Amino acid sequence: MSTKVETEIIEAATRARDCALAQFSKFCVGAALEAEDGKIFAGCNIESAAYELTMCAERVTIWKALSEGARKFARIAVVADTERLTPPCGACRQIIWEFCGDIPVVLANLRGDTETLQMAELLPRPFDAKFLEEAGEAEQA
Ligand code: THU
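Described below are features of the structure shown in this document. (Residues numbered from 1 in each chain as written. Predicted model: local features only at pLDDT ≥ 70, side-chain atom pairs only at ≥ 80, totals over all residues. Heavy atoms only, no water.)

Overview of the nonpolar core
Formed by 25 residues in total, the largest nonpolar core has its most connected members in Leu33, Ile62, Phe73 and Met119. For this core, the secondary-structure elements that each account for two or more residues are strand S1 (29–35), helix H2 (57–67), strand S3 (73–80), helix H3 (90–100), strand S4 (104–108) and helix H4 (119–122). Sequence-distant contacts of Met119, that is, excluding residues within four places in its chain, are made with Arg93, Ile96, Trp97, Gly101, Asp102, Ile103 and Val105. In this structure, Ala13, Ala32, Val79 and Ala108 belong to the second largest nonpolar core, which totals nine residues. (Core = buried A, V, L, I, M, F, W, Y, C linked by side-chain atoms within 4.5 Å. Buried < 20%, exposed > 50% of the residue type's maximum accessible area, 1.4 Å probe, protein only. Helix = DSSP H or I, 4+ residues; strand = E, 2+ residues; numbered from the N terminus. Contact = heavy atoms within 4.5 Å.)

Some points on the packing of aromatic side chains
Pairs of aromatic rings are described using the distance from one ring centre to the other and the angle between the two planes. By the definition in use, this model includes three aromatic pairs. Judged by centre distance (5.4 Å) and plane angle (50°), the ring pair of Phe24 and Tyr51 falls under tilted. Of this pair, Phe24 sits in the loop between helix H1 (4–17) and S1 while Tyr51 sits in the loop between strand S2 (40–44) and H2, placing them 27 residues apart in sequence. Using a relative accessible area of 41% as the deciding quantity, one classes Phe24 as partly exposed. A centroid spacing of 5.5 Å and a plane angle of 50° characterise the contact between Phe127 and Phe131, whose relative ring orientation is tilted. (Phe/Tyr/Trp six-rings, centres within 6.5 Å; stacked < 30°, edge-to-face > 60°.)

A closer look at the site of the ligand
Lining the immediate surroundings of the ligand are Ser25, Phe27, Val29, Asn45, Glu47, Thr54, Cys56, Ala57, Glu58, Pro87, Pro88 and Cys89. For the ligand, an oxygen atom lies 2.5 Å from a polar atom in the side chain of Glu47. Here the ligand, which alone exposes 370 Å², has 80% of that area covered by the protein. (Near = heavy atom within 4 Å. Polar contact = N/O pair within 3.5 Å; in protein donor to acceptor, adjacent residues only side chain to side chain. Areas by Shrake-Rupley, 256 points an atom, 1.4 Å probe, with all protein chains shown as cover.)

Okay, structure coming up:
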């Protein structure tokens, strides 16, 4: 069961999933990202015939939010029709961490199962801007 605060983004991600362009994998994913001011951005996966150009739902959603000026985020939801809840792929973990930080990641399926994980659990020991900065400082010392 999801908490009341999670229900709205799970619903937004579920609706976005209906727009998935997953013509090759048939694996439809929706994501929704809540900004600090409560605004919710949502997106779906978009596949390309040149498979590697495919974009996951999470990154589509983050690019939408950032390109509309949002900068701080409260939580992200990922919805797929799988019994085992679908977690963000490695590339999306990197991007969620870099642009959203240590936010809760709400996983959900179409049967009402949910689980909330923290980004720090999903991406321990991240490579990010802070790491680069500290590595540069260490080199100069
Ligand atoms: N996919 C996502 O959109 N998000 C994930 O977290 C996992 C994978 C998409 C990419 C591709 O369109 C399809 O699912 C199969 O990998």
